[in-house]
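# Remarks on the overall topology
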Amino acid sequence: MKKILGDGVVTTECEKWAKQRKSANHGFLVESLKVNFDYVVAIDFVVDCLQTRIIKSTVLKARIPGISKICKTADEVESEKFVKGIHNSVMEMVKKIEEKVATGEANSFGSDFLGLLVNSYHDVDEEKQAFRRKPVLVLAIHTDWQEKARREVKNPHSEGFAKLKTMKMIIKKTLRLYPPVTSTVRKVGKEVQLGKLVLPVNIEVLVPNLALHHDPELWGDDVHIFKPERFVEGIAKATKYNPAAFIPFGLGPRSSVCMSFATTETKTALSIILQRYTITLSPAYVHSPFTLLTLQPQHGIQVMLHSLQ
């Protein structure tokens, strides 16, 4: 897991987590993301593809404990090569930033996410594929909503995303049906009473995000139907002011730091696609969601793009 998730905000604890989270919060602010948005999207896509290959080669293959210390399989060698390649690429970018500041070519490390992390490192002397695919799938199935979204898409720029109300509803509805993370584990810090249950210290509680999103008592009998209009008046009204009913990125201080970035990135991709193509589902598509760290299509998503030109 360390090889896949690294030593970042997902896996760290206590003071180290607090420092990393503080840096990440600033880095994922909309103003910071505007600085280098296209570049970040491109890099994120490449890393996402590489990470998928690493996951498949390290998680899906059964191995005898201890054997890797003696002899590494071809998949292990390849995954380590990918990890090293990503690490070296990032470190090369960091060195270039530091050199520019050292030579006076630049006054700061920059205001984008990487620059903020480098700045944090110097100050304290030390620190998204599952989501993007789903809206494409639902739009390919529900072509009526695809047309509604296309009508409001004009210029896919971050300044105009606040006006994309139909796109927002589609994304929120997609996140409800197919949340990136299907469950969340939390450790009880101090004894607490939850309804009729008393939870002792250090017990781990699993919160089933996916089950909450598909609960008829929370969403009604039509819970499994694709109805973006549920969110026309916002999340609070759609959930009847129950914050735990809709938690695609988790809840509380350890919720996903990249929530805003992932949403903006998805809006950008969908805007570009809808301006140029209509999307239909391929006859070869087999609906088979499964969980591999995140919820994703087991056989991929096969869609057909038809040019509007």
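Residues numbered from 1 in each chain as written. Predicted model: local features only at pLDDT ≥ 70, side-chain atom pairs only at ≥ 80, totals over all residues. Heavy atoms only, no water.

### Examining the overall build of the protein chain
The helix and strand inventory of the protein chain stands at 13 helices and 8 strands. In the form shown here, the protein chain has an accessible surface area of approximately 18,400 Å², with 59% of it arising from carbon and sulfur atoms. (Helix = DSSP H or I, 4+ residues; strand = E, 2+ residues; numbered from the N terminus. Areas by Shrake-Rupley, 256 points an atom, 1.4 Å probe, with all protein chains shown as cover.)

### Some thoughts on the packing of aromatic side chains
Throughout the structure, instances matching the rule amount to 2 aromatic pairs. A ring pair is formed by Trp219 and Phe231, whose centres lie 6.1 Å apart and whose planes are at 50°; its orientation type is tilted. Linking Trp219 in helix α11 (residues 216-219) with Phe231 in the loop between α11 and α12 (235-238), this pair joins segments that are 12 residues apart in sequence. Assessed through its relative accessible area of 2%, Phe231 is described here as buried. Residues Phe231 and Phe246 carry aromatic rings whose centres are separated by 5.4 Å and whose planes lie at 55° to one another, so their mutual orientation is tilted. Here Phe231, found in the loop between α11 and α12, pairs with Phe246, found in the loop between α12 and α13 (259-276); they are 15 residues apart in sequence, far enough to count as distant. Taking the relative accessible area as the measure of exposure, Phe246 reaches 10% and is therefore buried. One aromatic cluster is present, built from ring pairs that chain together Trp219, Phe231 and Phe246. (Phe/Tyr/Trp six-rings, centres within 6.5 Å; stacked < 30°, edge-to-face > 60°. Buried < 20%, exposed > 50% of the residue type's maximum accessible area, 1.4 Å probe, protein only.)

### What about the nonpolar core?
In this structure, Met167, Ile170, Trp219, Phe226, Phe231 and Leu274 are the most contacted members of the largest nonpolar core, which totals 28 residues. Elements that contribute at least two residues to this core include exactly α7 (129-141), α8 (143-152), α9 (165-177) and α13. Broken down by element, the residue count for this core peaks at 6 residues, all from α9. When sequence neighbours within four positions are dropped, the list of residues in contact with Trp219 reads Arg176, Leu212, His213, Arg230, Phe231, Ala238, Thr239, Ala245 and Phe246. (Core = buried A, V, L, I, M, F, W, Y, C linked by side-chain atoms within 4.5 Å. Contact = heavy atoms within 4.5 Å.)

### Some thoughts on α9
For α9, built from 13 residues, the straight-helix expectation of 18 Å at 1.5 Å per residue is met to within 8% by its first-to-last C-alpha distance of 19 Å. All buried positions along α9 are accounted for by Thr166, Met167, Met169, Ile170, Ile171, Lys173, Thr174, Leu175, Arg176 and Leu177. (Expected span 1.5 Å × (residues − 1).)

### Comments concerning the pairing of strand β7 (residues 294-297)
Direction of pairing for strand β6 (residues 289-292) relative to β7: antiparallel, over a ladder of 4 bridges. Note that in β7 the partner of Thr291 across the bridge is Leu295. Remark: 1 residue form the turn of the hairpin made by β6 and β7, two consecutive strands paired antiparallel; Leu293 in that turn has positive phi of roughly 70°. (Pairing = 2+ DSSP bridges.)

### With respect to unusual backbone geometry
We note that Asn202 has phi near 75°; this positive angle belongs to a residue other than glycine. In this structure, Asn202 sits in the loop between β3 (197-199) and β4 (204-207). Using a relative accessible area of 53% as the deciding quantity, one classes Asn202 as exposed. The backbone of Lys240 shows a phi angle near 55°, a positive value even though the residue is not glycine. Summarising the element assignment, Lys240 is placed in the loop between α12 and α13.

### A word on the environment of Pro297
You can see Pro297 is positioned in strand β7. C-alpha separation for the pair Pro297 and Lys134, spaced 163 residues apart in sequence, amounts to 8.8 Å. Discounting residues that sit within four places of it in the chain, Pro297 has contacts with Arg133, Lys134, Ser288, Pro289 and Phe290.

### Brief notes about the pattern of salt bridges
Tallied over the entire structure, the rule returns 5 salt bridges. For Glu233, the salt bridge is made with Lys237, and the minimal N-O distance between the two is 3.1 Å. A residue is classified by how much of its surface remains accessible, and Glu233, at 59% relative accessible area, is exposed. Judged by relative accessible area, Lys237 falls into the partly exposed class, the value being 42%. Linked by salt bridges that have partners in common, Asp222, Lys227 and Arg230 make up one network. (Salt bridge = Lys/Arg side-chain N within 4 Å of Asp/Glu carboxyl O.)

### Here's the deal with the packing of α8 against α9
Packing of α8 against α9 brings their axes to within 8 Å, and their N-to-C directions diverge by 140°. Classified by the interaxial angle, the pair formed by α8 and α9 is oblique. Of the residues in α9, those in contact with Trp145, Lys148, Ala149 and Glu152 of α8 are Lys165, Thr166, Met167, Met169 and Ile170. A class-by-class count of the residues in the contact of α8 with α9 yields 5 nonpolar, 1 polar and 3 charged. (Axes fitted to C-alpha atoms, helices over the stretch in contact; angles between N-to-C directions. Parallel < 35°, antiparallel > 145°, perpendicular 65-115°, else oblique. Nonpolar A, V, L, I, M, F, W, Y, C, P; charged D, E, K, R; others polar.)

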